[in-house]
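Summary of structural features
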Amino acid sequence: GAVVSQHPSWVICKSGTSVKIECRSLDFQATTMFWYRQFPKQSLMLMATSNEGSKATYEQGVEKDKFLINHASLTLSTLTVTSAHPEDSSFYICSARKGADTIYFGEGSWLTVV
Amino acid sequence: SQQGEEDPQALSIQEGENATMNCSYKTSINNLQWYRQNSGRGLVHLILIRSNEREKHSGRLRVTLDTSKKSSSLLITASRAADTASYFCATAAVNTGFQKLVFGTGTRLLVSP
């Protein structure tokens, strides 16, 4: 079964609103989680590294005020897309590190902004 | 960008044939991993090969790693229609403290019955 759960799997929101996506590690504690974005037929682009109890580290070109990341517990990281616009429509995937080498990915969340 | 390159971008074969995908990366790595992604779905981890390993097998999968050329290959033998998916390599680079997984551009594999 899944060890990293993402919710929701699909979300449609109106332009200008905010939407939150959750990433949970189900049977392990994850001090570090990662958020990726993937456009159709493209690869995964790392957006940010989410660190439990501290601020997220954003990749170059990713607006931290637009993509708010909160890692309040060892099993939950959230990504909030603020003031969403149609160009934010994408597939968002999280991953969580378990141990030194093992990374588990969530099933992803499709965001459509209309 | 530290994103790796994969080739071919797309590969179309018949069932029973072998599929080979190549990945090149830019920085020194701790390990290299291959993932599979069905359309619109999450990632499935296939295999991890460490920087001190040259070849690894898992079922019908064979992965090679050449750190001198900064390249890796994934071979799927006796392919099946169910192998149709996108395949990505991902590296944990030394310049990120091996913390971040960076993905290649991916290969879209189509296996026809």
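To keep things clear, this report deals only with the structure shown in the data block.

**Things to note about the overall build of chain B**
When its secondary structure is counted, chain B shows zero helices and 11 strands. Going from N to C terminus, chain B has its helices and strands arranged as β-β-β-β-β-β-β-β-β-β-β. Relative to the 2.2 N^0.38 estimate, which gives 13 Å for 113 residues, the radius of gyration of chain B is 13 Å and therefore close to what a compact globule would have. Evaluated residue by residue, chain B yields a buried proportion of 47% over its 113 residues.

**Brief notes about the pairing of strand S9 (residues 85–93) of chain B**
All names here are of chain B. By the criterion of burial, S9 is predominantly enclosed, with nine of the nine residues buried. Both faces of S9 are covered, namely the face carrying Ala85, Tyr87, Cys89, Thr91 and Ala93 and the face carrying Ser86, Phe88, Ala90 and Ala92. Of the strand pairs in this sheet, strand S4 (residues 29–37) and S9 are connected by eight bridges, and their pairing is antiparallel. Within S9, the position partnered with Arg36 by the bridge is Tyr87. Bridge count for S9 against strand S11 (residues 107–112) is three bridges, and the pairing is antiparallel. Residue pairing across strands places Ala85 opposite Leu109, the latter belonging to S11.

**Comments concerning the environment of Ser95 of chain A**
Residue placement: Ser95 of chain A occurs in strand S9 (residues 90–98). Residues within four places of Ser95 of chain A in sequence aside, it is in contact with Thr32, Met33, Phe34, Tyr36, Ile103, Tyr104 and Phe105 of chain A.

Cut-offs and rules
- Residues numbered from 1 in each chain as written.
- Chains lettered and ligands numbered in written order.
- Predicted model: local features only at pLDDT ≥ 70, side-chain atom pairs only at ≥ 80, totals over all residues.
- Heavy atoms only, no water.
- Helix = DSSP H or I, 4+ residues; strand = E, 2+ residues; numbered from the N terminus.
- Rg over C-alpha atoms; globule rule 2.2 N^0.38 Å.
- Buried < 20%, exposed > 50% of the residue type's maximum accessible area, 1.4 Å probe, protein only.
- Pairing = 2+ DSSP bridges.
- Contact = heavy atoms within 4.5 Å.

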